[in-house]
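Below, each chain spelled out in residue letters.
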Number of protein chains: 2
Amino acid sequence: MKKRIVILGGGFAGVECARRIEKHVRSNSSTEIALVSEDNFLLFTPLLPQVASGMVQTRNIVIPIRTILKKTKFYENRVQGIDPVSQKVSLWGTPERHGITLDYDFLVVALGSETNFFGMQDVEDNSFKMKTLKDAVDVRNRVIDILEQADNESDPDIKKSLLTIVIVGGGFAGIETAGELHDLLTDAVKYYHTISREEIHVIVLESGDVILPSITKKLAHIAHTKILQDGIDVRLRTVVVSFDGDTVGVEDVDGNMHDDIHTKTVIWTAGVTPVNTVKRSVFKTKQGKIEVDDHLEAKEYKNVFVAGDCALFHDVDGKPLPPTAQVASSQAKCVADNLVSIINGKPIRTYEFKHKSHMALIGKRSGIASLFGMSVGGILAWMMWRNLFITKVPTFSKKIRLILDWTGDAIFDRDISRLKFTNNKKVKEYETEAELDDFW
Amino acid sequence: MKKRIVILGGGFAGVECARRIEKHVRSNSSTEIALVSEDNFLLFTPLLPQVASGMVQTRNIVIPIRTILKKTKFYENRVQGIDPVSQKVSLWGTPERHGITLDYDFLVVALGSETNFFGMQDVEDNSFKMKTLKDAVDVRNRVIDILEQADNESDPDIKKSLLTIVIVGGGFAGIETAGELHDLLTDAVKYYHTISREEIHVIVLESGDVILPSITKKLAHIAHTKILQDGIDVRLRTVVVSFDGDTVGVEDVDGNMHDDIHTKTVIWTAGVTPVNTVKRSVFKTKQGKIEVDDHLEAKEYKNVFVAGDCALFHDVDGKPLPPTAQVASSQAKCVADNLVSIINGKPIRTYEFKHKSHMALIGKRSGIASLFGMSVGGILAWMMWRNLFITKVPTFSKKIRLILDWTGDAIFDRDISRLKFTNNKKVKEYETEAELDDFW
C-alpha cells in the first residue's frame, strides 16, 4: 500500500527533509511525498542582510522548490489546520480556487517562525523586520529613502534623526545587518552632496552582556572590535521599551531608563516565535514550540515529526537549541532518516546536534569564522563564509549568479535605486490627508 | 545672476534634458539645474516585458539618476502643483518632512503618462498593467501564480480559465509582453507535472486592423506571422468592454458582441494618458497633453518647455507624435538646446522628429527591426535590438549586468520563484473572510 508523507514548510528544514527522503525513494515506489509551502521557493535567510545592502540581487538568494525536489508533489498554499487524530491537513484556498485537504500517513511539521516583538504593539507597528525577502527589500528601500530625504532636509534635528538607524538585537541577523547597512550608507553617501559620512549613525542595542551570544567569547570579541572600528555604536545590556516612529524608549536590563534615541528607523531582529498555525495547533507546545522526543517525534501523536524552529529540543546542557539554519537542516536529516527507517521496518535513530561551524559576515570583506576549533577574523573568515555558502546553494545557475553578484560588487559602485514594490500604508494615509490641501 | 532650470520628471525626457544641459554647463557657472522625480532612478521602460518574463533581473533595468547627473540637484518628491505665473513649483512632503517650494527661471515639464483605461472602472480594478517596474514584477508573479494554482486544480473549467492570459493592445508593449510571457509559460511548464504546453492560451486583443500600427506594414507582417507561429492567438478589430475578474466582455469595432473570454488574468497595454498633475494644471491641454509651439514651449506661458508623453506635438501629416522613448529623448534634446541658447542669448531652434529605427523583440531569440530603410526579422533583428539597447544604457556596470542576464538566460533554466512584495488587496479580503471559518 502507498505511504504518503506530507511535509509542511518550505524552509531549510522542510526542503532538506524532502530532498533526503527523495534520495531513498525510487520512482514508482510505494512512498509518496508532498510538500506544502506558502512560497514556491527556498529562501537563503542568512543572505538577507546582503539583500538589504544590495550586495546580492533579490532573486539570487531564492531557489524554486520545484527545481530542487523532482519527485515531490508541491502545493503553494498556506496551512489552515492540522488534525493529527484523523491524519489530515487542510490548506487555505485562494480567491480563485477552493481549499484542499491532504491525508497523510506521516507528517513533518517544519513551518518555521516569525518575528517576535514580545507583545510591544507600538514597536511592531513602527519597525522594520529582517525575516522574509520582502523585509530585506523594505529595509534596503528605507535606507535609500533616508538618504534621499536627508539630502534635501534643512532642519538639522530632523536630518540627524533621519540619518540614525537603530538595530535591535546583537545576534547574527542584527550584527550582519548593521555591518552591511553601515557599509551601504558610507559608500552611497558620495552621491548625496549635503550629507557627510560622519553624520551617519548606526546603533545596535543588545540585551545581553555580549554580542553574538551563541558563539565563543573569542570570536564574539573579534566581531565586536571590528564593528566598533567601523564606527557602529553598540550598546549592551540595553532593551527597547517603546517606539512611536520618532523616539525609541530604552532601559538597561536592571530597569533604569536611559536617554531616548531620536530616529525614524528601527530594524527589529531581537527574537522569533513559531508561526500561529503551530501555536494554535492541538500539539503540546511550550513557548509556542512543539515538544518532541529524542527521535524528533511529537510527544502525544504518533507519525508526526517536527524539525526546525518550531521543534522544542534541548541539548545536553538542557538548553533549547537555537532557531538556526544549521539546526533546522540537521534535524531535517534525522527526521528523513527516521521516516525511511519506519517505512522499511528498521529501528529509528536518536537526534543529536553537533555545532559544525560558526560564521558571520561583518560588512565588506570582513567576517568571523570558527571551523575545526580555530577562530578566524577578517578577510580570511569572509572568504571562508562565501565559499561555504556557495557549496550550500543547490543549483548551478544560482551558484554562478551569486558569484557574479559578489564579483560585481567588488568592481562596481553601489546601486542606490529605490524600488518601491510595496504600498506603504503610512504614505497612503498622508496622501489622502494632503489631498485636502490641494489648491491647484 | 544665477539662472535656475527646474526639470519635472525623471524618465527618458527629463533625464536626457538634464544630461544635455549639463554638457554645456561648467561647474561654478551661472546656471543651476534641479530635477524632481518620484523615483530616484531612470526606468528603461522598453525592457519591462523582459522583467515580466524574468529574462532580466528587476534591478538591471533601472539606473540611479544621481549616478547619471552629477551637476544636477536631485529631489525625490512628487509634484504637487505648478504655478507658471509666479514661476514656482510645489512638491509634496512625506510623513517625515515638509513639502518644498522651488523657484525657477526656466521650467521643463516632462512628467510622462500613466495607463489609460478610458473610464472602464471594472477593467481598471481587475487588470494588470505594464507601465512601471512594480507592474512588471506583479505580472511576473501572477504568471507563476497561475501555474502554481493550475497545477493542483481538479476542475477543468477553472484550470482552463487560469491558463488563459488576455493581453489588451497590439502595440510594442502588448506584442513584446505576449511573446515574453508565452515563452516563459512554455519553458516553465516542465516543472508543473499536470500542465501541458497545449493548455496554455495567450490571447492578444487589438482594436486596429493590424498589430504594431506605428511601424511599416512589412515589418508588422513579419511580427504577426512570428507570433502566430508561436501559438499566440491574435484577434484584430476587437475591443474589451468589461472585465469582472472572471469574464472578459468583447466586441468587434462595429459594436457586435463576440463570445466572452473566460480568464482571471488581463494585462492592459492599450493606451496611456498624461499624469494628473499635468491634466489639472493651468496649462492649456488637449486630451490631457500640453499644447506647445514649434520650439516645444508651452503656448501661453513663457519659459516653460514641455517634452515627452505630456507634450502635444503634431508631425508634418498633422498626427500627434506617439508616446515613445524615442520621441521623448529627441524632444528633450531640443528643449535642452533651446534653454542653453536662451541663456547664451542665441536664437532657439524648431523641433522636428525623424523616425530613426523601429525595433521589437518577440519572444526568445526573435524580433523585428527597421534601420536605414531595411526591414529585418528573426534572430538578426533580435541581436540588433540587444546591441542597440546596450549602447543606450548609460553606466558601464548596468551594461555588463544586462549582458550577463542575457547570457545567463541562454544557458540556465527559467527561474520560477514567485516573490511576493506586494500586499494583494484581494487576497487580504479573502483572508479576513476565511478566518471566520477557522475552526482549529
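## As for the nonpolar core
By size, the foremost hydrophobic cluster in this structure holds 123 residues, and its most contacted members are Ile7(B), Ile21(B), Ile61(B), Leu107(B) and Val109(B). Tallying contributions element by element places helix H5 (residues 133-151) of chain B first for this core, with nine residues. Each of two domains, domain 1 (3-38 + 77-115 + 273-343) and domain 2 (121-270 + 364-411) of chain B, supplies a minimum of three residues to this core. Once residues within four sequence positions are removed from consideration, Val109(B) is found in contact with Leu8(B), Ile82(B), Val278(B), Phe283(B), Ile290(B), Val304(B), Phe305(B), Val306(B), Ala307(B) and Cys310(B). Residues Ile63(A), Tyr75(A), Ala328(A) and Leu402(A) belong to the second largest nonpolar core, which totals 122 residues.

## Section: the domain arrangement of chain A
By convention, interface size is frequently given as the accessible area that disappears when the constituent parts associate. All names here are of chain A. Here chain A is described as being made up of domain 1 (3-38 + 77-115 + 273-343) and domain 2 (121-270 + 358-411). On the domain 2 side, the residues contacting the five residues of domain 1 number four residues. Contact with domain 2 buries area across many residues of domain 1, yet Arg19, Ser113 and Thr115 alone supply 73% of it, more than any other trio. Taken together, domain 1 and domain 2 are joined by zero salt bridges. Applying the counting criterion to the domain 1 and domain 2 interface returns zero residue pairs in polar contact (both at pLDDT 80 or more).

## Points about the packing of aromatic side chains
Scanning all chains against the criterion turns up eight aromatic pairs over all chains. For Lys73(A), the ring lying beneath its charged end belongs to Tyr75(A), and the centroid distance is 5.3 Å.

## Details of the pairing of strand S1 (residues 3-8) of chain A
Residue and element names in this part refer to chain A. With five of six residues buried, S1 is to be regarded as a mostly interior element. Looking at chain direction, S1 and strand S2 (residues 31-37) are connected through six bridges and run parallel. Among the inter-strand pairings, Leu8 is bridged to a residue of S2, identified as Val36. One ladder, built from four bridges, connects S1 with strand S9 (residues 106-109); its direction is parallel. By the bridge assignment for S9, Val6 is matched with Leu107.

## Observations concerning helix H7 (residues 172-188) of chain A
Under the 1.5 Å per step criterion, the end-to-end length of H7(A) is 24 Å for 17 residues, consistent within 8% with the ideal 24 Å. Buried residues dominate H7(A), accounting for 14 of its 17 residues.

## Topic: the sheet that holds strand S14 (residues 233-235) of chain A
Residues and elements named next belong to chain A. Pairing within the open sheet is parallel, and its five strands lie in the order S11-S18-S12-S13-S14. Looking along the sheet, the strands with just one partner apiece sit at the ends: strand S11 (128-129) and S14. Pairing geometry for S11 and strand S18 (residues 265-268), over two bridges, is parallel. Across the sheet, Phe128 pairs through a bridge with Ile267, a residue of S18.

## Let's talk about the pairing of strand S8 (residues 100-103) of chain B
Residue and element names in this part refer to chain B. The alternating pattern of S8 places Ile100 and Leu102 on a buried face and Thr101 and Asp103 on a face that is not buried. The sheet contact formed by strand S7 (residues 88-91) and S8 spans four bridges and is antiparallel. When the bridges of S8 are listed, Lys88 appears paired with Asp103.

What counts as what
- Residues numbered from 1 in each chain as written.
- Chains lettered and ligands numbered in written order.
- Predicted model: local features only at pLDDT ≥ 70, side-chain atom pairs only at ≥ 80, totals over all residues.
- Heavy atoms only, no water.
- Core = buried A, V, L, I, M, F, W, Y, C linked by side-chain atoms within 4.5 Å.
- Buried < 20%, exposed > 50% of the residue type's maximum accessible area, 1.4 Å probe, protein only.
- Helix = DSSP H or I, 4+ residues; strand = E, 2+ residues; numbered from the N terminus.
- Domains from an automatic or database assignment.
- Contact = heavy atoms within 4.5 Å.
- Buried area = accessible area lost by both parts, 1.4 Å probe.
- Salt bridge = Lys/Arg side-chain N within 4 Å of Asp/Glu carboxyl O.
- Polar contact = N/O pair within 3.5 Å; in protein donor to acceptor, adjacent residues only side chain to side chain.
- Phe/Tyr/Trp six-rings, centres within 6.5 Å; stacked < 30°, edge-to-face > 60°.
- Lys NZ or Arg CZ within 6 Å of the ring centre and 35° of its normal.
- Pairing = 2+ DSSP bridges.
- Expected span 1.5 Å × (residues − 1).

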